[in-house]
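What follows is the residue order along each chain.
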Amino acid sequence: NLMFNSLRKKNADHALMAAFADGDRRAAQQLTEQLMPKIYAHAYYRLGNTSDAEDVTQEAFLKLWKVAPNWKQDKAEVSTWLYRVVSNLCKDRYRRTTLEGTASMQEPIDESTSPTSGLEEQYRQKALYTAMSVLPESQRLAVQLRHIDELTNPQIAEIMDLSIEAVESLTARGKRKLSKILQTQKSELGYNYG
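Residues numbered from 1 in each chain as written. Predicted model: local features only at pLDDT ≥ 70, side-chain atom pairs only at ≥ 80, totals over all residues. Heavy atoms only, no water.

A.B. asks: Would you take a moment to explain the overall build of the chain for this structure?
C.D. replies: Counting secondary structure elements, the chain contains eight helices and zero strands. For the chain, the sequential pattern of α-helices and β-strands runs α-α-α-α-α-α-α-α. For the chain, the residues scored as buried account for 39% of the 194 residues in total. Carbon and sulfur atoms provide 52% of the accessible area of the chain, an area that totals close to 11,700 Å². (Helix = DSSP H or I, 4+ residues; strand = E, 2+ residues; numbered from the N terminus. Buried < 20%, exposed > 50% of the residue type's maximum accessible area, 1.4 Å probe, protein only. Areas by Shrake-Rupley, 256 points an atom, 1.4 Å probe, with all protein chains shown as cover.)

A.B. asks: Honestly, unusual backbone geometry in this entry has me stumped. Any pointers?
C.D. replies: Leaving glycine out, the prevailing phi sign among residues is negative, and the prevailing peptide bond configuration is trans. In this structure, Glu 150 takes a positive phi of about 60 degrees despite not being glycine. Turning to its location among the elements, Glu 150 is positioned in the loop between helix H6 (137-148) and helix H7 (153-160). In this structure Glu 150 comes out as exposed when scored by relative accessible area, which is 64%. Although it is not a glycine, Asp 161 sits at a positive phi angle of roughly 60 degrees. By secondary structure assignment, the location of Asp 161 is in the loop between H7 and helix H8 (164-183).

A.B. asks: Explain the confidence of the model for the chain here, please?
C.D. replies: Segments scoring low in pLDDT should not have their predicted coordinates read at a detailed level. In the predicted model, the chain carries a mean pLDDT of 78, and the fraction of residues at 70 or more is 72%. By mean pLDDT, the top-scoring element of the chain is helix H3 (residues 50-67) (92), and the lowest-scoring one is helix H5 (residues 115-134) (68). (pLDDT = per-residue confidence, 0-100.)

A.B. asks: How should I be thinking about the environment of Asn 11 in this particular structure?
C.D. replies: Locating Asn 11 in the fold gives a position in helix H1 (residues 2-21). In this structure, the C-alpha to C-alpha distance between Asn 11 and Glu 77, residues 66 residues apart in sequence, is 8.5 Å.

A.B. asks: I'm lost on the packing of aromatic side chains in this one. Help?
C.D. replies: The geometry of an aromatic ring pair is captured by the separation of the ring centres together with the interplanar angle, meaning the angle of the planes. Under the defined criterion, the tally for this structure stands at five aromatic pairs. Pairing Trp 71 with Trp 81 gives two aromatic rings, centres 5.9 Å apart and planes at 80 degrees, and the pair type is edge-to-face. Linking Trp 71 in the loop between H3 and helix H4 (78-96) with Trp 81 in helix H4, this pair joins segments that are ten residues apart in sequence. According to the relative accessible area criterion, Trp 71 is buried, its value standing at 11%. On the accessibility criterion, Trp 81 (17% relative accessible area) is buried. By the ring-pair criterion, three or more aromatic residues cluster together here, those being Phe 20, Phe 61 and Trp 65. (Phe/Tyr/Trp six-rings, centres within 6.5 Å; stacked < 30°, edge-to-face > 60°.)

A.B. asks: I would appreciate a short explanation of the nonpolar core in the present structure.
C.D. replies: Side chains that are nonpolar tend, in soluble globular proteins, to be buried together. Leu 64 and Leu 82 are the most contacted members of the largest nonpolar core, which totals 38 residues. Among the secondary structure elements, those contributing two or more residues to this core are H1, helix H2 (25-47), H3, H4, H6, H7 and H8. Those residues in contact with Leu 82, other than ones at most four positions away along the chain, are Leu 35, Ile 39, Ala 60, Phe 61 and Leu 64. One finds Leu 135, Leu 178, Ile 181 and Leu 182 within the second-largest nonpolar core, a separate group that totals seven residues. (Core = buried A, V, L, I, M, F, W, Y, C linked by side-chain atoms within 4.5 Å. Contact = heavy atoms within 4.5 Å.)

A.B. asks: Please clarify how the environment of Leu 35 should be interpreted in this entry.
C.D. replies: If you trace the backbone, Leu 35 turns up in helix H2. What makes Leu 35 buried here is its relative accessible area of 6%. Each C-alpha atom, one on Leu 35 and one on Leu 82, is 8.7 Å from the other, the two residues being 47 residues apart in sequence.

A.B. asks: Teacher, can you tell me more about the pattern of salt bridges here?
C.D. replies: Oppositely charged side chains are able to pair whenever their charged atoms sit close together. What the rule picks out here adds up to two salt bridges. A salt bridge links Arg 26 to Asp 24; the nearest nitrogen and oxygen atoms lie 3.6 Å apart. One salt bridge connects Glu 137 with Arg 46, and the closest N-O pair in it is separated by 3.8 Å. On the criterion of sequence distance, the pair formed by Glu 137 in helix H6 and Arg 46 in helix H2 is long-range, its members being 91 residues apart. (Salt bridge = Lys/Arg side-chain N within 4 Å of Asp/Glu carboxyl O.)

A.B. asks: How do you make sense of H2 when you look at a structure like this?
C.D. replies: Think of an α-helix as turning once every 3.6 residues; residues three or four places apart then point the same way. The sharpest bend along H2 measures roughly 45 degrees and falls at Leu 35, with the proline Pro 37 sitting one to four residues further on. Among the residues of H2, the N-terminal cap falls to Asp 24, whose side-chain oxygen and the backbone nitrogen of Arg 26 are separated by 2.9 Å. With its phi angle positive at about 80 degrees, Gly 48 sits one or two positions after the end of H2. (Bend = angle between axes of the 7 residues up to and from the residue. Polar contact = N/O pair within 3.5 Å; in protein donor to acceptor, adjacent residues only side chain to side chain.)

Structure follows, in C-alpha cells:
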C-alpha cells in the first residue's frame, strides 16, 4: 500500500531526526545518504551548475541539522521540508546573480555513451533547460517537482504553499507551454530523422 509506505518512511525520517538530535551521528549520515541525491538533483536542475547546486544542498542540510533539536513529529516530511528550503535558497541565488544563459551551462557527460549519443543528449538537455527557463518561475518549479523530481501533487502543494488544485493547474499550464516551446526545437532535440 503506497500510503502505508509513505507514512512508514515519514515516521522513519522523523525517528532519524530525533536520533540525530539525541547525538546519534549515524542517523544524520543515514538521512543524508537517503535524501541528498534527490535534493542535489533538484538544486542542479534549478541552478544549472554543479558548484551552486552543491552549495545550496549543503546549506539546506546545515539548516536541517540546526532545526533537528526542535523537530516536531507533526511537521512536514523531512524531504518536503528540505525541498522547500532548497527552493527558497535557489530563488535567493537567482536574485543575487544574473543568468548568463543556458549556452554556458556545463552538463554532466555520461562516459558510457558514444560521442554521438552523448552529444545528442547534451543538445536535448540544453533544449530542455532553455525551454524550462522560459516558463514563469512558479510553473517551472511545479513542472520540475512533478516530472523531474517525481513528487506527488500534495507534496508539491506543501513545498510551494499552494492548494493541490493550484499545483495541478500550474503543472498543466507549464507542460503545455513547455510542449509548445519544444515543438519548435525538434531538430535540436534530435527528432529530425525523417
